[in-house]
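# Breakdown of the fold
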Amino acid sequence: QVQMVESGGGLVQAGGSLRLSCIATGRIEKAFPMGWFRQATGKEREFVATINWNGGTTYYSDVVQGRFTISRDNTKNTVYLQMNSLKPEDTAVYYCTRVLTLGVPGVPPTPTGEWGQGTQVTVSS
């Protein structure tokens, strides 16, 4: 069974930066498309960014485009999310999982549901 372990969250002021990491553990036999999702208190989980198996293709939610960068290092079974110019509305618990599709405008990606515990990102004004 593949498990996802997210880390790197914390408290940061608006305009600041954080880098999140997602390490996949367990029986990993190949690289899969991956995605970052987030869930704010009282809201449903929403798509943030996806990346294909080798990192050559990425797709972002409109609200993070230009501010966030998703990347991966398959030698470490790790996916990253570099978050710059953070805003208070970015406050949420961030999760990673495999995805079946990368997503297209108007159609979010389809996650496989192998959520980790998530990592809390809090952006103050």
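Residues numbered from 1 in each chain as written. Predicted model: local features only at pLDDT ≥ 70, side-chain atom pairs only at ≥ 80, totals over all residues. Heavy atoms only, no water.

Here the focus is the overall build of the protein chain. The number of helices and strands found in the protein chain is 0 helices and 10 strands. Each helix (α) and strand (β) of the protein chain, taken in turn from the N terminus, gives the series β-β-β-β-β-β-β-β-β-β. In summary, the protein chain has a C-alpha radius of gyration of 13 Å against a globular reference of 14 Å for 125 residues, a match within 12%. For the protein chain, the spread of C-alpha atoms along the principal axes amounts to about 45 × 30 × 25 Å. Across the 125 residues in the protein chain, those meeting the buried criterion constitute 42%. Look at the contacts in the protein chain between residues 6 or more apart in sequence, and 56% of them connect residues 24 or more apart. Carbon and sulfur atoms make up 50% of the accessible area of the protein chain, which amounts to about 6,600 Å² in all. Side-chain charges of the protein chain comprise 11 positive and 9 negative groups, with the mean position of each set lying 4 Å from the other. (Helix = DSSP H or I, 4+ residues; strand = E, 2+ residues; numbered from the N terminus. Rg over C-alpha atoms; globule rule 2.2 N^0.38 Å. Buried < 20%, exposed > 50% of the residue type's maximum accessible area, 1.4 Å probe, protein only. Contact = heavy atoms within 4.5 Å. Areas by Shrake-Rupley, 256 points an atom, 1.4 Å probe, with all protein chains shown as cover. Lys, Arg positive; Asp, Glu negative; His and termini not counted. Charge placed at Lys NZ, Arg CZ, Asp CG, Glu CD.)

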